[in-house]
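Report on the structure
Each chain is listed here by its residues.
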Amino acid sequence: MTPAARPVTPPDGTRRAALLVPGAGLVSARVAWRHSLRFRLALTYSLLALALILLTSLGVVTLLLSRMDQQFTDRLDERADTLAEAFTTGGGGLGRAASGPGAYTMLIDQGGNVVVTSPALRAYVDSPDPFGAQSPVSLQDTSVRAVRRPVGDFGTLWVGLPEEDLIAARQSALSALLLALIVAPLLLLLTGWWVGRRALSGLEHAANLADRIDPTRSLATLPLPAQEDEVHRLLTAINRLLVRIEDGQAREKQLLGQIVHELGAPLTVLKASLQRAEERTNDPEVQRASLVADELTFTTQDLMQLARGELEMKLAWHYIPARTLRGRVDRLVPGTTFTGDWTGGILCDPDRLTQALRNLLANARRAAGTDGTVTLNLTETPEWLTFTVRDSGPGLPPELGEQIFQPFVSGAGSSGLGLSVSRQIALMHGGTLTGENHPQGGALFTLAIPGAALGDESDEPDEAQENEPLNEPPLPARP
């Protein structure tokens, strides 16, 4: 019997299974755009380019304006020198030069009075020098830069040129610079994003491939790109790491297998001897020793389960009555209180599910003590079977969190394998295993597996299967 495809959503409506299996990080790999590498590269590129553009533009504009200002000054000096020379050599051309377009000239005698002016300045004739050494000056709402030239005994020649063109050119250059500083960052950012997306597409693909790696399912090497660039080197390094992980896992499995083999035979003989002694003497000390032998036997089974993992472990699916599973668990962990509905059927690997529940109940009994209570509740919906184990102990250590499900991590002095193996078994059934502290005290573990109604067989077991006794050895899991 094989199970049909099942959803992974647990009965509480959350997708806890996605948080429990390796490779689930693919769901959260789509990080916010502002945290992505391409955005940071594009932003860095844009800021650096903007700084370079700003410095270059400021240098170019400053040089351009300086040259324009120098040209204007040279033009003004040339005009003043020409007029002064024409005046001192006899006045030839002075009138034409002074009356030309944009001409601002005044002849100031040695007494400081204006004698002759260009047509635009006739209002200042026979008046004192209106500007003195001031430059620039405002004439008819126009900024005029002026220079003065001595003209011998005749006094001083005042010559001015309007700065309208120079001011307009300066404003145009500054406007262009400001526009460039506004538009350039946006264009640079968009360009950098596009270039970064194309340049980092191989890296993103490599990240997606690496995120799908699940050492418990497959250690196949990743495909390498044709171009031997940094992405090729990264994937090559990941492949070398996968090979080392595979070698390490093989060595660990071999070591665990040897440990289980060396412990299995002596424990079997010891357990049989203790059982016979218990039947003959009914000694409490012998009973406690028998319980210790049982615990060691279960530990060896957990080690074997850990060594095999999901790569080699295959489930033997059966449809069994829930009360049969209850009886097996009750014999393994006496003193458990069973609640809920145990009249239905369960599609599972009976040995593996018994092992998972036994581990949960044994941990609960260890935490609750001999005088505490341990409860196993079963609830059934059309989609899910949910086993809830609660104890009256001190609860889970809050500092461990999800680490409580990792191998060899324990908060109660045990081997630290039980919860890890139980979660692995739950995942192999397509279900989940979560743990938390109950609001009223004690620990609460919830193991949920898909209901039998989702299988590809009839929901009801046939009469022959119901009446056929299961092979129920004293221990639940096959090594």
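Definitions and limits used
Residues numbered from 1 in each chain as written. Predicted model: local features only at pLDDT ≥ 70, side-chain atom pairs only at ≥ 80, totals over all residues. Heavy atoms only, no water. Salt bridge = Lys/Arg side-chain N within 4 Å of Asp/Glu carboxyl O. Helix = DSSP H or I, 4+ residues; strand = E, 2+ residues; numbered from the N terminus. Buried < 20%, exposed > 50% of the residue type's maximum accessible area, 1.4 Å probe, protein only. UniProt positions renumbered as here; feature names shortened; annotations may be inferred. Pairing = 2+ DSSP bridges. Contact = heavy atoms within 4.5 Å. Patch = residues over 30% accessible without salt bridge, like charges linked within 9 Å, V, L, I, M, F, W, Y side chains within 5 Å. Areas by Shrake-Rupley, 256 points an atom, 1.4 Å probe, with all protein chains shown as cover.

On to the pattern of salt bridges. Scanning all chains against the criterion turns up six salt bridges. Measuring nitrogen to oxygen at the nearest pair gives 2.8 Å for the salt bridge that ties Arg145 to Asp69. Placement of the pair is Arg145 in strand S4 (residues 142-150) and Asp69 in helix H2 (residues 37-88), with a sequence separation of 76 residues. Judged by its relative accessible area of 16%, Arg145 is buried. Residue classification places Asp69 among the partly exposed residues on the basis of a relative accessible area of 26%.

Next up on the list: the UniProt feature "transmembrane region" (unreviewed entry) in the chain. As recorded in UniProt, the sites labelled "transmembrane region" (unreviewed entry) are residues 43-65 and 176-195. Across residues 43-65 one finds 100% helix and 0% strand; the C-alpha atoms that close the span lie 32 Å apart. Strand forms 0% of residues 176-195 and helix 100%; the C-alpha atoms that close the span are 27 Å apart.

Turning to the pairing of strand S2 (residues 114-117), a few remarks are in order. Here strand S1 (residues 104-108) runs beside S2; their pairing, made up of three bridges, is antiparallel. Along S2, the bridge assignment pairs Leu107 with Val116. Linking S1 to S2, which pair antiparallel, is a turn of five residues; within it Gly112 sits at a positive phi near 90 degrees.

Moving on: the side chain of Ser422. Secondary-structure assignment places Ser422 in helix H10 (residues 418-428). Among all residues touching Ser422, those that are not within four sequence positions of it are Ala356, Asn359, Leu360 and Leu433.

That bond from Ser135 to Pro136 is cis: its omega, 0 degrees, falls within 30 degrees of zero. Assignment of secondary structure puts Pro136 in the loop between S2 and strand S3 (137-139). Of note in this structure, Asp126 is not a glycine but carries a positive phi near 65 degrees. Mapped onto the elements, Asp126 comes out in the loop between S2 and S3. The exposure class of Asp126 is exposed, given its relative accessible area of 66%.

Attention now moves to a nonpolar patch on the surface. On the surface, Leu178, Leu179, Ile182, Val183 and Leu187 cluster together into a nonpolar patch covering about 480 Å² of accessible area. When you line up the elements, Leu178 lands in helix H4 (residues 164-199). You can call Leu178 exposed: its relative accessible area is 52%.

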